[in-house]
Every structure is written in structure tokens, then in C-alpha cells.
Amino acid sequence: MTQLETPIDAPKLGRKRDHSRDAEILEAALDVLADTGYAGMTVDMVAARAKAGKATLYRRWASKSELVIDAVACMKQIDPDFSKLPDTGSLRGDLVAMIKAPSIAEGERKMRVFAGVMSMISDAPELTESIHAAIVEPRMAVNRFLLQRAIDRGEIRADADVETLALVSQAMVSYRVLMLREPVTRDFLISVIDGVIIPAVRK
């Protein structure tokens, strides 16, 4: 073996990457994305929010787009616990009981994250699946469950379009946040329940 040759199994030198703060950095990226949108977001902003060095981020993610794609993919995807959902005896009561300040704030934040990545979807189609899994499907699953339970107890029409109705409130929230740029309030959500969902399922 000549001096220029290197054994194939020779260990590579260099500092081992520390992934222990990845979750904090990705959460900070989502916060910045929700606040500024993708165009206004910088890696410096994320580093400052996460209290991490910019070099740390660039060692882990080569670009802003890679950081955002990972952040969206790692958004909390919590399977709803159907046994803990409200059971008031009426569909309206159940839907209204789901309206709580923390869930309203989190839902609005998710919509702003969604808005932030819209310009990236054509270049990174994998974002669509991540967004659906983290933002759309969990709430759809809850609405689907509440609607089906109302059908099973004979409260609403048996032929109600559960899949479409399960998406209505999220679609209207998305339009309000992304297009009208207005906050999501309890009054707004109740108006969707009373003005759209309940009339659509009434016998």
C-alpha cells in the first residue's frame, strides 16, 4: 500500500454530530415559520429562537428548505383518544365542547405553518403528506367520530356526508386565517357549527 492510499475501513475524523437538540430546533423553526412565513424566515431567526449557534443548524441542515421540510415532517402527530372526547348527548354540544382556548391557538398556529410552506409544495411534494398527517387528519378524525356517533344514535341524517362535513370547519378556518387574515375566535367557530354543519345534517 502506498502512502497515498487509505484503508477502506479507516475511521473518519471529525466531530460527531449532536442531535440532542433537534426537537427544540425544529419546534423553533415552526414558530418562526408561523410568525414570518417562508420568505421572511432565516436560519439566523431559528438559531436565535432556539438559542443555538447558526453553525450548529448548518451542520445538520444544509439549507433553509431542508430545515423546514424536516420541521413540518416532525410536527406533533397525536392520535386522538376517542374515549376522552366530549359526549354531551348532542352533536352541537359535542362540537361546541371541543372549542377550547389552547386548541384554538394551536389550530391557528398550524394554519400559519401551512401558509408558510404553500410556496414550497410544488418543489417539495412530500410536504403535502406531512401537512395532511400533522394538521388535517387528526381533527378530521375527531369530527368524523363525532358525526358518526350522532348518526348511530339517530340524531342526524343517516346519509349525512361525513367525510365532507369532517373537513368543513378546517377548510373555513384555513380560509379565514390564510385569505382573510383574521383571527379564529370562539364566536367564529360556533357560527360555523350553527350556520353550516348543523343545518347540513338536520333531519
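Note that the structure is predicted; figures quoted are calculated from it, not measured.

Calculation rules
Residues numbered from 1 in each chain as written. Predicted model: local features only at pLDDT ≥ 70, side-chain atom pairs only at ≥ 80, totals over all residues. Heavy atoms only, no water. pLDDT = per-residue confidence, 0-100. Contact = heavy atoms within 4.5 Å. Phe/Tyr/Trp six-rings, centres within 6.5 Å; stacked < 30°, edge-to-face > 60°. Helix = DSSP H or I, 4+ residues; strand = E, 2+ residues; numbered from the N terminus. Buried < 20%, exposed > 50% of the residue type's maximum accessible area, 1.4 Å probe, protein only. Lys NZ or Arg CZ within 6 Å of the ring centre and 35° of its normal. Axes fitted to C-alpha atoms, helices over the stretch in contact; angles between N-to-C directions. Parallel < 35°, antiparallel > 145°, perpendicular 65-115°, else oblique. Salt bridge = Lys/Arg side-chain N within 4 Å of Asp/Glu carboxyl O. Core = buried A, V, L, I, M, F, W, Y, C linked by side-chain atoms within 4.5 Å. Expected span 1.5 Å × (residues − 1). Bend = angle between axes of the 7 residues up to and from the residue.

Per-residue pLDDT for the protein chain averages 86, and the proportion of residues at 70 or more is 89%. Note on residues 1-16: pLDDT under 50 across the span, and 2 contacts to partners over four residues away in sequence or across chains.

We now examine the packing of aromatic side chains. For the structure on display, the rule yields 1 aromatic pair. With 4.8 Å between their ring centres and 20° between their planes, Phe-82 and Phe-145 make a pair best called stacked. Taken together, the residues Phe-82 in the loop between α4 (64-73) and α5 (91-97) and Phe-145 in helix α7 (residues 126-152) connect sequence positions 63 residues apart. Look at Phe-82 and you get partly exposed, because its relative accessible area is 34%. Of the residues examined, Phe-145 reaches a relative accessible area of 28% and is grouped as partly exposed. The ring of Tyr-38 carries the charged tip of Lys-64 above its face, separated from the ring centre by 4.2 Å. A cation sits over an aromatic face here: Arg-176 above Phe-188, 4.3 Å from the ring centre.

Moving on to the packing of helix α1 (residues 22-40) against helix α6 (residues 101-117). Where α1 contacts α6, the two axes come as close as 8 Å, and the packing angle between them is 70°. Between α1 and α6, the angle is such that the two are roughly perpendicular. Contact residues: Glu-27, Leu-30, Asp-31, Leu-33, Ala-34, Gly-37 and Tyr-38 in α1; Arg-109, Arg-112, Val-113, Gly-116 and Val-117 in α6.

So, about the pattern of salt bridges. Going through the model one piece at a time under the given rule, you end up with 19 salt bridges. With its nearest N and O atoms 2.6 Å apart, the salt bridge here joins Arg-92 to Asp-194. You can see Arg-92 sitting in helix α5 and its partner Asp-194 sitting in helix α9 (residues 186-201), a full 102 residues away along the chain. Among the residues examined, Arg-92 registers a relative accessible area of 37% and is labelled partly exposed. Overlapping salt bridges, with partners in common, bring together Glu-27, Asp-31, Asp-35, Arg-49, Glu-106 and Arg-109 in one network.

The next point concerns the nonpolar core. If you look at the biggest cluster of nonpolar residues, it comprises 63 residues, and the most contacted ones within it are Val-46, Leu-57, Leu-67, Val-72 and Leu-91. Within the residue set of this core, elements represented by two or more residues are α1, α2 (43-50), α4, α5, α6, α7, α8 (162-180) and α9. For this core, the leading source of residues is α7, giving 11 residues. Beyond its immediate sequence surroundings of up to four residues, Val-46 is in contact with Ile-25, Ala-28, Ala-29, Val-32, Met-41, Leu-57 and Leu-67.

This part covers the environment of Ala-166. As for its placement among the helices and strands, Ala-166 is situated in helix α8. Sequence spacing of Ala-166 and Phe-145 is 21 residues, and the spatial spacing of their C-alpha atoms is 8.8 Å.

Okay, α8 next. For α8, built from 19 residues, the straight-helix expectation of 27 Å at 1.5 Å per residue is met to within 8% by its first-to-last C-alpha distance of 27 Å. By the largest-angle criterion, Val-168 marks the main kink of α8, which is about 35°. Among the residues of α8, Val-162, Leu-165, Ala-166, Val-168, Ser-169, Gln-170, Val-173, Ser-174, Arg-176 and Val-177 are the ones counted as buried. Of the residues flanking the end of α8, it is Arg-181, one or two places downstream, whose phi is positive at about 55°.

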